[in-house]
Amino acid sequence: MSVWDDLVGQSQTVTTLSMAVADPERMTHAWLFTGPPGSGRSNAARAFAAALLCPDQGCGHCRECRTALDGTHADVEFVATEGLSIQVQQARELALLSAHRPSVGAWRIIVVEDADRLTERAADALLKAIEEPVARTVWMLCAPSLEDVIITLRSRSRHVRLRTPPTGAVADLLVRRDGVDPPMARYAARAAQSHIGLARRLARDEGARIRRRDVVKLANRIHTTVDAVAAAADLASIADEESGAAGQERDAAERARLLETLGADPAARTLPPPVRARLAALEKEQKTRATRFARDIVDRCLIDLTSVYRDALMLHLDAPVELVNEDLRPEVEKLRRSRSPVQLLAAMDAIATARERIDANVPPALALEAMAVGLRAPRG
Ligand SMILES: [Zn+2]
C-alpha cells in the first residue's frame, strides 16, 4: 500500500512526484497540477503532500500519511473556495502563512485547490511568496488547465499534467476502494466518463442515476419548438433538484453551527444585531455557493446530454469504441435513426455553445432554451 494507490491511470505523474520526494535537496517549491475535472488533481496534491511528510516517502498508513491525506495535518493547508473567486485578503493570509517554518513535519505545504479562481489581485499577493519561497515551504496549485492560471503564477511553477484515466482503471478503483460491485462500477465509470468523484456518486446514489437517465432521454423527446422549450425547462429542474437536496441540508447545518458558536438561541424570535449581521454574511456566502454549484450541475447535465449525441455518432461511423451510454443503447439507436451525422455534430455544437454561454454568465434558463431549439429533430 502507498499514497499513490488511488491515483489511477497516472503512472507518469506518480514517477515525477516520487522522484521529487526522493530528492529533497533539489525540491521545487511551486507545483501546478492540471487535468480535466475528476481526474484527481487535488488527490494528487494530497498524495504528494503525504509522501513529502511521511518518513517512508508515502507508506499510506503512518500518522503523517493519514493526516495529510484527510486534510488534518498541522503543516498542510488546503485552500478550496466555495465562492466564485479567491480574494486578495485570503491570498495575503496564505502568503504570511507560507513564511512560517513547518510546526511538526519536514515541510509546510499549501494546496490551492482552485488556483483558477484566484483573482488577479489575489495572484499578485501570492506572487512574491511563490517566487522567493522559504526553504521548507512547498506550494501546490491545482487548476483544470494551464490557461486557467494567471501567467505570472504559471511561469513560476513546475507543471504536472494529469490525464483522464481509462474507465477500466476508474471501475477498479471503485471496486477496491469503495466496495462497489464490479458491474455497477463499470457502468458508473463509463457513464461518468472517468470523472472519479462523479462515478462514485453514480455508483452509490440511485437518485443520481435516475436523474442522469432522464437527461439522456431528453435527446429523443425534442421534435418541435414546444418540445424544445419543455425539455429546457425539464433540464433546468433536474439540475435544480440535484443541487437543491445537498445544499439545503448543508446550509441549515452551517446556520446552526454559527448560532451555536455565537452562543445565540436558534429558537429566539429576534436575534441581537451582531448575530444578525453574521447570519446575513453567511447567507450571502451560501447564495454565492448555491449559484456556482447549480451552474456546475447544469454543466454536468450538458456533458451527459452531449454523450448521447456522441454515442449516436459513433454508431453511425461504426467506430469500434465503447458507448458511454451502453446501458441505454436503445435510446442511442433511436437517436441514430432520426439524425444524420451532420445533424448530430450540429447538436453537439449547440450544447457546447450553451456551456460556453453559461460559463460566461448568461442565465442558464436562457442558454438552455436556445440550445434546445437547436436540438429539434429535422422535419420529415
Ligand atoms: Zn507514511
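Along each chain, residues carry numbers from 1 onward, in the same order as the chain's sequence is written. At least 70 in pLDDT is required for a residue's local features to be given in this predicted model, at least 80 for side-chain atom pairs to be given and counted, and no such filter applies to totals for whole chains, interfaces and linings, which use all residues. Only hydrogens and water are removed before side-chain values are computed, so all heavy atoms of the structure are retained for them.

Per the domain assignment, the segments making up the protein are domain 1 (11-161), domain 2 (167-204) and domain 3 (225-374). Each domain's extent was defined by an automatic or database domain assignment. Just the C-alpha atoms count here: the centres of domain 2 and domain 3 sit 21 Å apart. Each side of the interface is counted separately: domain 2 has 9 residues, and domain 3 has 10 residues. One speaks of a salt bridge when a side-chain nitrogen belonging to Lys or Arg is within 4 Å of a carboxyl oxygen belonging to Asp or Glu. Joining domain 2 to domain 3, the criterion identifies 1 salt bridge. Whether two residues are in contact is decided by their heavy atoms: any pair within 4.5 Å suffices.

What follows concerns the pairing of strand 3 (residues 108-112). For every residue, the accessible area obtained with a 1.4 Å probe (protein chains only) is divided by the maximum for its type, and the residue is called buried under 20%, exposed over 50%, and partly exposed between those limits. Numbering of helices and strands starts at the N terminus; helices are DSSP runs of H or I of at least 4 residues and strands are runs of E of at least 2. Taking burial as the measure, the 5 residues of strand 3 include 5 buried ones, the bulk of the element. Here strand 3 shows a buried face lined by R108, I110 and V112 and a second buried face lined by I109 and V111. Pairing between strand 2 (residues 76-79) and strand 3: 4 bridges, direction parallel. Bridging across to strand 3, F78 finds its partner in V111. Strands were regarded as paired on the criterion that DSSP finds at least two bridges between them. In this structure, strand 3 lies alongside strand 4 (residues 137-143), joined through 5 bridges in parallel fashion. Pairing of I110 across the sheet is with W139, part of strand 4. With the strands aimed away from the viewer, a crossover counts as right-handed if its path from the first strand over the helix to the second runs clockwise. Traced from strand 3 through helix 5 (residues 120-131) to strand 4, the parallel crossover comes out right-handed.

At 2.3 to 2.4 Å from the zinc ion lie its protein donor atoms, namely C54 (SG), C59 (SG), C62 (SG) and C65 (SG). Atoms of type N, O and S within 2.8 Å of a metal are treated as its donors, and for Na, K and Ca the window is 3.2 Å; water is not considered, so some sites may appear to be missing partners. Geometry is assigned from donor-metal-donor angles: four donors are tetrahedral when every angle falls between 85 and 135 degrees, four are square planar and six octahedral when opposite donors sit over 155 degrees apart with all other angles between 65 and 115, and any other arrangement is irregular. Bound by 4 donor atoms, the zinc ion shows angles of 105 to 115° at the metal and therefore tetrahedral coordination geometry. Here the donor residues for the zinc ion map to a single chain with the spacing C-x4-C-x2-C-x2-C. Take C62: its relative accessible area is 19%, and that puts it in the buried class.

On to the packing of aromatic side chains. In this description, an aromatic ring pair is defined by two values, namely the gap between the centres and the angle between the planes. Pairing of aromatic rings covers Phe, Tyr and Trp, the last counted by its six-membered ring, and requires centre-to-centre distances within 6.5 Å; plane angles under 30 degrees mean stacked, over 60 mean edge-to-face, and any other angle means tilted. Counting across every chain of the model gives 2 aromatic pairs. Both rings, one in W31 and one in F48, keep their centres 4.9 Å apart while their planes meet at 75°; by these two values the pair is edge-to-face. With W31 in strand 1 (residues 30-34) and F48 in helix 2 (residues 41-53), this pair connects stretches of sequence that are 17 residues apart. Residue classification places W31 among the buried residues on the basis of a relative accessible area of 0%. When the centroid spacing of 6.4 Å and the interplanar angle of 65° are considered together, the rings of F33 and F48 count as edge-to-face. Placement of the pair is F33 in strand 1 and F48 in helix 2, with a sequence separation of 15 residues. Each of the two residues, F33 as well as F48, counts as buried. Each member of the aromatic cluster is reached from another via a ring pair, and the members are W31, F33 and F48. Geometry around F78 places R46 over its ring, the cationic atom sitting 4.0 Å from the centre. By definition, being over a ring means that NZ of Lys or CZ of Arg is both within 6 Å of the ring centre and within 35 degrees of the ring normal.

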